[in-house]
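Observations on the model geometry
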Amino acid sequence: MSMRIIATWVTAAVYVATPAISATLTVTQPTGATIVAAGDDYATQVLGNPWDMKDASDIDIQESSAVANQSLGSGTFSGDTTANGAWIFPLFMGYVNSINLNLNRGANYPVDTSHYRYVTFKSQASQPASTTQFTRVVFYPNQDSSIYGETYYATLPASQWRIFTFDMVTNNDGLHHNWLDFTQAAGLRIEPSTTNASGPYASVHFSINWIRLTASATNAQKTSVVWTDTGIGGSYDISVSDSGGTTFALGANVRGTSYAVDLTFLPPGTYTITVARSDSTATANSATFHINSPPQIAITAPNVRGDQSRDFATTVVGNAWGPITSTDFVPAIGVRNFTNVSYSNPVNSFYGRPTSKDPGWFFNLGGQTIDTSVYRSLCYAMEVFGPRNIGTGSIARVFWGNGTSGTQLTTSADIPLDDNAGDTLVSEYCIPDLAAALLEAGTNGGDWSGTKSVFRIDPDEFTPPNGCSTLDVCHDVRLDSVTLSPFALANPGYTFKWTLTDPDNASDTVDVYLDPDSTPLNGDEIHLGSATMPSGSGQFAWSGSCANVLTYGPWHVLMVASDGINPVSQYAGGPLLIGRYDGIFRNGFETVPAVCP
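Residues numbered from 1 in each chain as written. Predicted model: local features only at pLDDT ≥ 70, side-chain atom pairs only at ≥ 80, totals over all residues. Heavy atoms only, no water.

Averaged over all residues, the pLDDT of the protein is 91; the fraction at 70 or higher stands at 92%. pLDDT under 50 marks residues 581-597. Its contacts with residues more than four places away, or in other chains, come to 38 contacts. (pLDDT = per-residue confidence, 0-100. Contact = heavy atoms within 4.5 Å.)

Attention shifts here to the pairing of strand β42 (residues 567-571). Pairing of strand β41 (residues 553-562) with β42 involves five bridges; the strand directions are antiparallel. If you follow Leu 558 over to β42, its bridge partner there is Tyr 571. (Pairing = 2+ DSSP bridges. Helix = DSSP H or I, 4+ residues; strand = E, 2+ residues; numbered from the N terminus.)

With that settled, consider the state of the cysteines. Applying the stated criterion across every chain, the model contains two disulfides. Paired by a disulfide, Cys 379 and Cys 430 hold their sulfur atoms 2.1 Å apart. Taking the sign of the torsion about the S-S bond as the criterion, the disulfide between Cys 379 and Cys 430, at about 120°, is right-handed. Remark: Cys 430 occurs in strand β32 (residues 427-431) and Cys 379 occurs in strand β28 (residues 375-384); sequence separation between them is 51 residues. Relative accessible area serves as the criterion here: at 3%, Cys 379 is assigned to the buried category. Classification of Cys 430 by relative accessible area gives buried; the value is 8%. Here Cys 468 connects covalently by a disulfide to Cys 474, the sulfurs 2.1 Å from one another. Note on the Cys 468 and Cys 474 pair: the S-S dihedral is about 125°, so by sign convention the disulfide is right-handed. Of the residues examined, Cys 474 reaches a relative accessible area of 2% and is grouped as buried. (Disulfide = S-S within 2.5 Å. Buried < 20%, exposed > 50% of the residue type's maximum accessible area, 1.4 Å probe, protein only.)

A cis geometry characterises the amide bond from Ala 301 onward to Pro 302, with omega recorded as 0°. In this model, Gly 322 is joined to Pro 323 through a cis peptide bond whose omega is 5°. Take Pro 323: it is sitting in the loop between α2 (312-317) and β23 (335-336). Here Met 53, not a glycine, exhibits a phi torsion of approximately 60°, which is positive. Looking at the element boundaries, Met 53 is found in the loop between α1 (42-47) and β3 (67-73). The class of Met 53 is buried, set by a relative accessible area of 0%. If you check the backbone angles, Asn 340 has positive phi at about 55° while not being a glycine. Residue placement: Asn 340 occurs in strand β24 (residues 338-344). By relative accessible area, Asn 340 is classed as exposed at 52%.

Here three strands make up an open sheet; going across it, the order is β22-β37-β40 and the pairing antiparallel. Two strands lie at the open edges of the sheet, namely β22 (296-301) and β40 (536-542), each paired on one side alone. Looking at each pair of strands side by side, their axes are set apart by 30° on average, direction ignored. Note that β22 and strand β37 (residues 494-501) share five bridges and pair antiparallel. Looking at β37, one finds that Ala 298 is bridged to Thr 499. (Axes fitted to C-alpha atoms, helices over the stretch in contact; angles between N-to-C directions.)

The next point concerns the layout of surface pockets. Within this model, the second largest pocket holds a volume of roughly 720 Å³. Elements supplying a minimum of two residues to the lining of the second largest pocket: β14 (205-215) and β19 (269-277). For the lining of the second largest pocket, the element with the highest residue contribution is β14, accounting for four residues. A breakdown of the residues in the lining of the second largest pocket according to their chemical character gives nine nonpolar, twelve polar and seven charged. (1 Å grid on protein atoms, 1.4 Å probe; cavity = no way out; pocket = protein on both sides within 12 Å on 5 of 7 lines; lining within 4 Å. Points joined across faces, edges and corners; volume = space filled by probe spheres on them. Nonpolar A, V, L, I, M, F, W, Y, C, P; charged D, E, K, R; others polar.)

Moving on, we get to the packing of aromatic side chains. Using the criterion set out here, one finds 31 aromatic pairs in the structure. Note on Phe 329 and Phe 363: the rings are 5.4 Å apart at their centroids and 50° apart in plane angle, and the pair reads as tilted. Linking Phe 329 in the loop between α2 and β23 with Phe 363 in the loop between β26 (360-362) and β27 (370-371), this pair joins segments that are 34 residues apart in sequence. Among the aromatic residues, ring-to-ring pairing joins Phe 312, Trp 321, Phe 329, Phe 338, Tyr 343, Phe 350, Trp 361, Phe 363, Tyr 375, Trp 400, Trp 448 and Phe 455 into one connected group. If you follow Lys 122 out to its NZ or CZ, it ends over the ring of Trp 161, 5.4 Å from the centre. Lying across the ring of Phe 399, Arg 456 places its NZ or CZ 3.8 Å from the centre. (Phe/Tyr/Trp six-rings, centres within 6.5 Å; stacked < 30°, edge-to-face > 60°. Lys NZ or Arg CZ within 6 Å of the ring centre and 35° of its normal.)

Residues Trp 361, Tyr 380, Met 382, Phe 455 and Leu 479 are the most contacted members of the largest nonpolar core, which totals 37 residues. For this core, the elements supplying multiple residues, two or more each, are α2, β28, β29 (395-401), β32, β34 (454-458) and β35 (477-486). Those residues in contact with Leu 479, other than ones at most four positions away along the chain, are Ile 324, Phe 329, Ser 349, Phe 350, Trp 361, Phe 363, Tyr 380, Ala 381 and Met 382. In this structure, Ile 88, Phe 121, Ala 125 and Ile 208 belong to the second largest nonpolar core, which totals 33 residues. (Core = buried A, V, L, I, M, F, W, Y, C linked by side-chain atoms within 4.5 Å.)

In structure tokens form, the structure reads like this:
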């Protein structure tokens, strides 16, 4: 394998302190009372969940390649490489021509390449004998995995924690695309440990503590380091150490007794600054200071599921599709290409074994039709057992129309499934707006408009192996519930709900806005209210005051949580409808020239 190696500046410098000639070097800033604002981090600000390796969404484990024994949680992600070029995805871009329902995927939340540019992570890797290991970053502008760009490789030391930072704008090997060739990036891939050694491949065990994708720091966002030196003086080297003792170089051969350092690439936590004379005759440490933990707010109402209390099956059919019983499907044709069907494995669920690569359910509409202008949000809880393989059948699809044959139905684009090898985890798949869902070519049943008398879901497209006998090999299917719901509605007011977390503060300020677009705080938001709220579950009851002067139709809901140091903006997963529930606003906006009472 031919590799280009990045300059050593991306690796952390380690300073070995020598005995000081004179105890005259003193770091006076930062102090123990210093709180540094966290940098503008993509995962924190856009996804609303930092890549701190504390929960399952920080690494898209299903998309890893040549990595075994993956483990994620409690602040560390680890694995064992099984081949050169092993990779992991903190941000997977999704699949071409597919409905990517994982809300943290870059297809839904692309990176603004003009704003975010620095990829930084803390990692370590074992070093097999007689090999040198390397790491690098690869990015994808869209869902086409053949279009990408990559950084140079950085050398990994053996079994030592290091902090690596890559400037995605300037650090490019020039073989493919550059970061600024595109306005956005949808995928971010890290190769945690690879080698150019010949001969049999030796597995490497690696660990990652955190990953950040940050914007450039302004001068105001930099941290002042100040020191005094009544001794020799001259030039100085400056570094920062985290609570685990991992050190990163911030400046070299600095003249004077102060320096503005950029700490925005580091995650929240406690740190110490070290100032060392460049000739190694003296070193001094600052007091331990703190980088702030921004608050995190997850909006629970409204959400991607719409208003499930008014779902179609419950309110129109009079028979909710979940708990699942045989009456939820059209008699005679409702359950297609399944055997061993059961509604008690477990009770109130459908369980079956597909007999072809085209299993599915026609749902019982009770002789009613679906008003697609009202019922827009689809969620279903389902498990397809066994290992995932997108190419051979890990794909679900949704169908609708006014007839049961294929020539009368519209087919959604493919919906990639979760991996369920060896587990019994039921996944929830939610399409926030069927009217905006990607479709396959040929909308025989029309787009999601008008009325529909047929609704069908196919769970997968696996061809059952001959003679299969286990649930994983046969790709058995379990279905727990299906809801087809309207958007959340202000009538005229609404109670907004959220979950707030902040390890540094007992309470934060929460501001609630209605926004006609999805660009936070660009000046067109309607501010509904503000409250100081403790961590945990919270809510804000809006009376609907002045709702009659708002444009009728769907609005984005924006919440901004702030601890006075770092504000974080988050949008709800589903819209809120403003206006009379009489159909006026259902397919768009209508301006009503009313006067606020």
